[in-house]
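For reference, the chains in residue letters:
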Amino acid sequence: MACIPHSRNALRLIVKESSDCVLHHPLLYACQGVRYRRLEVILPTKIDKLGSAGETVKVAPGYFRNHLMPKLLAVPNIEKYAHLIREQRKIYQPVEEKEVKVVKKTADGEKREYEKAARCLENARLVLKRLPDIAKLRSRESKDDPIHLRSPVTKEELVAEVARQLLINIEPENLHFPTSMSTFGEYEVPLRLPRNRNLMVHEMRGLFIRKYNTPKVLVPIANGSEPMEAVITIDVLRRSGADVTVASVEKNLCVDACHGVKIVADSLISDCNDTVFDLITLPGGIPGATNLKDCGMLENMMKKQAADGRLYAAVCASPAVALGSWGLLKGLKATCYPAFMEQLAPSCATTVESRVQKDGIVVTSRGPGTTMEFAVTLVEQLYGKEKAAEVARPLVMRSNHGDEFTITEFNPMKWTFDNGPQILVPIANGSEEMEAVMIIDILRRAKANVVVASVEDKLEIVASRNVKLVADMRLDEAAKLSFDLIVLPGGLGGAQAFANSEKLVNLLKKQKESNRPYGAICASPALVLEPHGLLKGKKATAFPAMCNKLSDKSEVENRVVVDGNLITSRGPGTSMEFALAIVEKFFGRNKAVELANIMLFK
C-alpha cells in the first residue's frame, strides 16, 4: 500500500460495496483497524504473554499487521483459518503423556494411588506378539492342535508389557499364573495386590498371545549366484506374506548373477547383522556359493541361526560349499547339486538324492529345477501345509516331476536363425520376475543372444514381488535391432505396461507379419497379444484366471502351446517348460532335454 490515506479510503469503499461483510485476505483484514479498534486473531503457536496455540485473542491492528502476520504467528479469526488451525493441531500437537503409576509394596499414605492403579488394571486387555515353535508347528497332527510358543511367557515379560501398554509398574510377585503360557490363546491373569492393602483382587482379562504372522526371511546373494534359485525363492516366499530381505554380500547393492542377470539387493549384509530372522536361505550357483561361503559376517549369522534353533536352508551348490564347510550339516541328512555330492558327504551324516530334503531345522535342495518345490517347502516350514498349498495353487506347478516335459504343437514350422538366435525379452515394472529370469537364464544357457529391454524410462525395473532387475538397454534402443524371437513374460502390471507401449506392440505386429516367432506367458497372451489381434487364427493358452479373455479357448488347459510361429504358456510353474520349448524349436529336442537334465528339471 504505497499511500496510506488513499488505501484506507479504498478499503472503506470496498467494505461498503461488498455484499460479504467478512474480508478474507489477511492484508485487508489487518487494515480493518481503521474501523475496529482491536482485531480477533488465532494463534497457531504459543506466544508468551499473549496466549496458547489455538486460542483466539484480540490485538491491535498494527501489531498484527507489522509483527504477527509477517512471521506467521497469527491468522485472522475467520472460519477458513480456524479450520486449518484445528486440523494442524490434530496432526502436530504433542500428545500429553500419561503419568506412570508405580505400585509400591508399602507406604500407607498411597492407598489412593493403589486404588487408581487397581481400577485401571481391572479387566485390562493386553496383546503379546510371539513367534511359534517351528518344529512343533510342523509336527502337529491336526490344525486344531494348539500352536506352541518358541518360549513360554515369563512374569518378567508380562510385567514389562503391563508397563508398556498400561503405563503401570507392578512387581512380578504380585502376578499369579494359573497355567503356563506356552501356547497361543487367551488367558486370565489375576493380579494379587499386597495383603496390607484392603483392596479386591483384580484381573487382567483377555490377555491374548498372538502369533506373529510375518516371518522375517534373509536371502543373501553374491556375484555369480544362480538367478533362478534366488528369484524363485524370493518370489514364492513373498507370495506367502513373509518379510523377505535380499542382502548383497558384495560392496554394492547391484549383483552380477550368473548368465548376465543383474539383481539389485534391498540392503548390504552388514545392515542385517543385528536382525533376527526366522529363516536364512542361500541360493546356489558358482562362484556365487563360494562368495557366500567367504563372507565372514554371513557365516557368523548362519552359525548363530543354527545355535538359536531357527530355520536355515540352501539349494544347489550351497549346501556343500557353504553349509557343509561351516559345519552346519553335522549329523543331518542333506542333498545338493549332483556334482557336489562328494564334497557334501564328509560334512553330513547322510547324503540323499531327494529333490528337497528336510531334517530338523535344515532344508536342502538340488538345483534350479527343484527350487520352486524347495521354496514351497520353506513356506510350509514357516506357516504349515495349508498355507503352502494356498501359495502353490496359482503357480501352476508340475504334478509329476519324473516325466519329460512336453509341448502341444499345431501347424509345425521350423524356426530359423543366422549366427545364433537373437531374442528380445522386454521387462517392465510389475513383470513376473520368476518368468522373466527363467526365460533369460535358460535361453542364455542354450547360447542364444538374449537382449533384456526395459519399456520404462530407466534400466532398473521393480518386478511384481519387488525384485529389482536391471535391463541391458531401453526398448527404444532395442527397437532398432532385428530379432528372431520376441517373448513376453507375464505379471499383471508388466503385461499392462506392454499393452500400453506402442513401440512394443508395433514390434510384435511386424514380427507376426514377417512370419517370425513371437510368444508370451501368463497374463501377457490375454492382455497384450489378444487385444491387438496377435492371436487371431491361433491356438493359445494363458494364466488360468485370464483364459476367459482369449477368443479361442480350445487349448487353454495345455501347459505350453505352439502354433506355427506363436508360443504361449500358463504361469510361473510352466516357465521352465516354456523356455525349454523355445530351445527345442531353435536347437532341437536333444539340446532341450540336455538342458533340462542339467537343471534337474525331470
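Residues numbered from 1 in each chain as written. Predicted model: local features only at pLDDT ≥ 70, side-chain atom pairs only at ≥ 80, totals over all residues. Heavy atoms only, no water.

Per an unreviewed UniProt entry, the protein goes by 50S ribosomal protein L9, chloroplastic and derives from Xanthoceras sorbifolium. Under the UniProt heading Sequence similarities (unreviewed entry), the note attached to the protein is "Belongs to the bacterial ribosomal protein bL9 family." (UniProt positions renumbered as here; feature names shortened; annotations may be inferred.)

Trainee: What is the right way to look at the packing of aromatic side chains in this model?
Mentor: By convention here, two paired aromatic rings are described through the distance between centres and the angle between planes. Using the criterion set out here, one finds three aromatic pairs in the structure. Look at W415 and F586: their rings are 5.5 Å apart centre to centre, the planes differ by 65 degrees, and that puts the pair in the edge-to-face class. Of this pair, W415 sits in the loop between β20 (408-410) and β21 (422-427) while F586 sits in helix α20 (residues 575-587), and the two are 171 residues apart along the sequence. The exposure class of W415 is buried, given its relative accessible area of 2%. On the basis of an interplanar angle of 70 degrees and a centroid distance of 5.9 Å, the ring pair of F417 and F586 is categorised as edge-to-face. Here F417 is found in the loop between β20 and β21, whereas its partner F586 is found in helix α20, with 169 residues between them in sequence. Joined through ring pairs, the aromatic side chains of W415, F417, F586 and F587 make up one cluster. The ring of Y383 has K387 sitting right over it, with the charged end atom 5.8 Å from the ring centre. When the ring centre of F601 is taken as origin, the NZ or CZ atom of R398, which lies over that ring, is 4.4 Å away. (Phe/Tyr/Trp six-rings, centres within 6.5 Å; stacked < 30°, edge-to-face > 60°. Helix = DSSP H or I, 4+ residues; strand = E, 2+ residues; numbered from the N terminus. Buried < 20%, exposed > 50% of the residue type's maximum accessible area, 1.4 Å probe, protein only. Lys NZ or Arg CZ within 6 Å of the ring centre and 35° of its normal.)

Trainee: Please explain the environment of Q343 as it appears in this structure.
Mentor: Along the chain, Q343 falls in helix α12 (residues 341-344). Sequence separation between Q343 and P319 is 24 residues, and the spatial gap between their C-alpha atoms is 9.6 Å. Setting aside residues no more than four positions away along its own chain, Q343 makes contact with A320 and V321. (Contact = heavy atoms within 4.5 Å.)

Trainee: When you look at the UniProt feature "domain: Ribosomal protein L9" (unreviewed entry) in the protein in this model, what are you seeing that I'm missing?
Mentor: In this structure's numbering, the residues bearing the UniProt feature "domain: Ribosomal protein L9" (unreviewed entry) are residues 40-76. The straight-line gap between the two end C-alpha atoms of residues 40-76 is 7 Å; of that span, 22% is helix and 24% is strand.

Trainee: Just checking my understanding: could you explain the state of the cysteines for this structure?
Mentor: Each disulfide consists of one covalent bond between the sulfur atoms belonging to two cysteines. Scanning the model with the defined rule gives zero disulfides in all. No disulfide involves C336; its sulfur sits 8.2 Å from the nearest other cysteine sulfur, which is in C348. (Disulfide = S-S within 2.5 Å.)

Trainee: Any chance you could explain the packing of α20 against helix α21 (residues 589-598) here in plain terms?
Mentor: Angle between the axes and distance between the axes are the two parameters that describe a pair of packed helices. Contact pair α20 / α21: the axes reach a minimum separation of 7 Å and the direction vectors enclose 145 degrees. Crossing handedness for the pair α20 and α21: right-handed. Contact residues: α20 offers L580, V583, E584 and F587, while α21 offers R589, K591, A592, L595 and A596. In the contact of α20 with α21, the residues fall into six nonpolar, no polar and three charged. (Axes fitted to C-alpha atoms, helices over the stretch in contact; angles between N-to-C directions. Left-handed = near helix turned anticlockwise from the far one by under 90°. Nonpolar A, V, L, I, M, F, W, Y, C, P; charged D, E, K, R; others polar.)

Trainee: How should I be thinking about the sheet that holds strand β19 (residues 362-365) in this particular structure?
Mentor: Across a sheet, strands are paired by hydrogen bonds formed along the backbone, either parallel or antiparallel in direction. Ordered by their spatial adjacency, seven strands build an open sheet running β13-β10-β9-β14-β15-β19-β18, and the pairing between neighbours is mixed. Where the open sheet ends on each side, the last strands, each with one partner, are β13 (267-268) and β18 (356-359). Most of the contacts of helix α10 (residues 296-307) go to strand β14 (residues 279-282), to which it runs at about 130 degrees, and overall it touches β9 (216-221), β14 and β15 (311-315). Its contacts with the sheet put helix α13 (residues 371-383) on β9, β14, β15, β18 and β19, and the angle it makes with β15 is roughly 175 degrees. (Pairing = 2+ DSSP bridges.)

Trainee: Mind showing me how you'd approach helix α3 (residues 61-68) here?
Mentor: Residues spaced three or four apart along an α-helix face the same direction, because each turn holds 3.6 residues. Those residues of α3 lying buried are P61, F64 and L68. Across the axial projection of α3, the buried residues extend over an arc of 110 degrees, all falling on one side. (Arc of directions from axis to C-beta.)

Trainee: In this structure, what is going on with α13? I would like to understand it.
Mentor: Here α13 contains 13 residues, and its C-alpha end-to-end distance of 18 Å stays within 8% of the 18 Å for a straight helix at 1.5 Å per residue. In terms of burial, α13 is largely enclosed, as 13 of its 13 residues are buried. Trailing α13 by a residue or two, G384 shows a phi angle of about 115 degrees, which is positive. (Expected span 1.5 Å × (residues − 1).)

Trainee: What is the right way to look at the pairing of strand β1 (residues 39-42) in this model?
Mentor: A regular strand places its side chains on the two faces of the sheet in alternate fashion. Across four bridges, β1 lies against strand β2 (residues 56-59) in antiparallel orientation. Note on β2: the bridge partner recorded for L39 is V59. Judged from the two bridges that link them, β1 and strand β3 (residues 75-76) form a sheet pairing that is antiparallel. By the bridge assignment, V41 is partnered in β3 with P76.

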